[in-house]
Structure formats: C-alpha cells, structure tokens
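Here is what each chain is made of, one letter per residue.
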Amino acid sequence: SIAVWFLLVYERGKTRFLAHDFDKLVRTLTVDRFFKTPPLISPNSILLVIPAFNEEKNLRQLIPALPDELLGCPVIPLVVDDGSQDFTPEMCAELNVPVARNLINRGGGAALRVGFDIALSVKAEVVVTMDGDGQHRPEDIVSLVGPIIAGQADLVIGSRLLGEMERYSKLRYWGVVLFGRMLSMLIGQKITDPASGFRAFSPKVIETCVLTQDQYHTAELIIEAVKK
C-alpha cells in the first residue's frame, strides 16, 4: 500500500509537470499569434481582459458600452477567445477590438493567463478582468481602477454581496457567503465575494503571483496576492 501511494504521488507530480508545460506552450503560441499584427495599446492604458467562450451576442452589446478613457488613462478592451465556435473573432474584428484566440477551450483561468501575458508585454498601467456575458456593469470599472491609479491598493475586487445585485439561486448565494467566510479565516482578511471575476490590479500582482488554476482561478489569485 505504501509503494502504491508513493507511485500515485509520483505520477501526479509528472502529470502536473506536463500540464504546466502544456499551458506554457499554448499560451506562448497564442500570444505570438496575437503580436504578429500588433494592436495599438499604449503603455499607460487600462487593459480590460475579457475571457469569452461563445459570447458573440453578449460582447456585441458589452463592447460599445465600455468607456474610452478613465481617470486620464485610455481604456482598451482585450477579448481572449477561449476556443469559441461562434463568430466571436469576426465580431471583434468588426468592432476593431484586439482579440487573442486559444485554438481549444481551456477554461476561464487559462484564458486570463493569456491576457495577463499580453498585459505585461504591452506594459499596461492597470489590468481589469470582467466576464463577457454582460453581468458586470461598465460604469463600475472606475470604482475598481481608482484605488489602483491612486496607489492605495494593488488588488480591488468587485463584490456582488456589497451594494445591490440581481438575485440568483439561494444555494449559490449561500455558497459564496460560506466560502467567503472560510477564505477570510484562511488569509486573515475579510473577503465577501471570493468568486468574483470583476477585479482590477496593478501589473506587479501578475508578476509576483503564481497562477495555475483553469477553473478555480478567482480564489487562487486572492490567496496568492495576500501571500505576496
């Protein structure tokens, strides 16, 4: 039994090593393809990283509603198409929006890491993540980036449990509450919405945090940021 247990740990380690290399390969290919026709992104921009999987219809409404400038910085949306089967890339080209495309669907966390690589390459001033389904309001972006630009914070999270929100299933709501309390106890800092994808952070958060999760990436970023 002990031998089998050690063999299991060894194989899991190999699998994780291969998964890390695969992630690095896919990200590098995606970013290289993106920069073959470099978009005009100024170094002091607020880069909105929007992962999308078959969100053509929602993005068509979301992108025109995004601001062009906030707090003296240009706002640039970057759509990371995570292997969509609809016309998301064509729609982005039609609206003159930069798009990086994963050839296969890998999950929200993997798509965001592509966006983070691009954000570091173009030297963005602030990085904002928001979902492509329209659940995050463009007019709330300024509340997220304000403390970053003012140098008051490195990471700002848009919480669905503070202020007002649309109601959804009670099970999911109480799941967010319970997980938020567990995470708050773990890191010693109050977090009300650990699953929020609406966040803003300075580039040094991306540079210092080790991010590997494809699905559970929201809590991973919070824990890594607090550790660093």
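Residues numbered from 1 in each chain as written. Predicted model: local features only at pLDDT ≥ 70, side-chain atom pairs only at ≥ 80, totals over all residues. Heavy atoms only, no water.

## A word on unusual backbone geometry
Quick reminder of the rule: Helix and strand assignments follow DSSP, with helices taken as H or I runs no shorter than four residues and strands as E runs no shorter than two, numbered in order from the N terminus.
Phi is positive for Asn 54, which is not a glycine, with a value near 55°. Looking at the element boundaries, Asn 54 is found in the loop between strand S1 (46-52) and helix H2 (56-65). Positive phi, normally seen in glycine, also occurs at Lys 123, with a value near 60°. Within the secondary structure layout, Lys 123 lies in the loop between helix H4 (108-122) and strand S5 (126-129).

## A look at the side chain of Thr 88
How we decide: Throughout this description, buried means an accessible area under 20% of the type-specific maximum (1.4 Å probe, protein chains only), exposed means over 50%, and partly exposed covers the range between. In this analysis, two residues are considered to be in contact whenever any of their non-hydrogen atoms come within 4.5 Å of each other.
Here Thr 88 lies in helix H3 (residues 88-94). Given the relative accessible area of 0%, Thr 88 is considered buried. Sequence-distant contacts of Thr 88, defined by excluding residues within four places in its chain, comprise Asn 54, Glu 55, Glu 56, Leu 59, Val 79 and Asp 81.

## Section: the pattern of salt bridges
We count it as follows: Just to be clear on terms, a salt bridge is a Lys or Arg side-chain nitrogen sitting within 4 Å of an Asp or Glu carboxyl oxygen.
For the structure on display, the rule yields 14 salt bridges. The salt bridge partner of Arg 113 is Asp 23, with a shortest N-O separation of 2.9 Å. Of this pair, Arg 113 sits in helix H4 while Asp 23 sits in helix H1 (residues 2-34), and the two are 90 residues apart along the sequence. Like Arg 113, the residue Asp 23 is buried in the burial classification. Between Lys 228 and Glu 224 there is a salt bridge, with the nearest N and O atoms lying 3.1 Å from each other.

## Focus: the nonpolar core
What counts is decided by this rule: To qualify as a nonpolar core, a set must consist of buried Ala, Val, Leu, Ile, Met, Phe, Trp, Tyr and Cys residues joined through side-chain atoms within 4.5 Å.
Grouped together as the largest cluster of nonpolar side chains are 25 residues, with contacts concentrated most on Ile 46, Leu 48, Leu 59, Val 128, Met 130, Ile 141 and Val 145. For this core, the secondary structure elements donating two or more residues are S1, H2, strand S3 (73-82), H3, S5 and helix H5 (141-149). The residues contacting Leu 48, other than those within four sequence positions of it, are Leu 66, Val 75, Ile 76, Pro 77, Leu 78, Val 128, Met 130 and Ile 141. Of all hydrophobic cores here, the second largest spans 24 residues; its members include Phe 34, Leu 112, Phe 116 and Cys 209.

## A look at the packing of H1 against H4
Put simply, the rule reads: Lines are fitted to the C-alpha atoms to define the axes, a helix being fitted only along its stretch in contact, and any angle between axes, read from their N-to-C directions, falls within 0 to 180 degrees. The cut-offs work like this: below 35 degrees is roughly parallel, past 145 is roughly antiparallel, 65 to 115 is roughly perpendicular, and the gaps in between are oblique. Two helices crossing with the near one rotated counterclockwise from the far one by less than a right angle form a left-handed crossing, whereas a clockwise rotation gives a right-handed crossing. The classification used treats Ala, Val, Leu, Ile, Met, Phe, Trp, Tyr, Cys and Pro as nonpolar, Asp, Glu, Lys and Arg as charged, and all other residues, Gly among them, as polar.
Their axes nearest at 10 Å, the elements H1 and H4 cross at an angle of 55°. When the axis of H1 is compared with that of H4, the two are oblique. Read as a crossing pair, H1 and H4 show a hand that is right-handed. Contact residues: H1 offers Asp 23, Arg 27, Thr 30, Val 31 and Phe 34, while H4 offers Arg 113, Val 114, Asp 117 and Ile 118. When grouped by side-chain class, the residues that make up the contact of H1 with H4 number four nonpolar, one polar and four charged.

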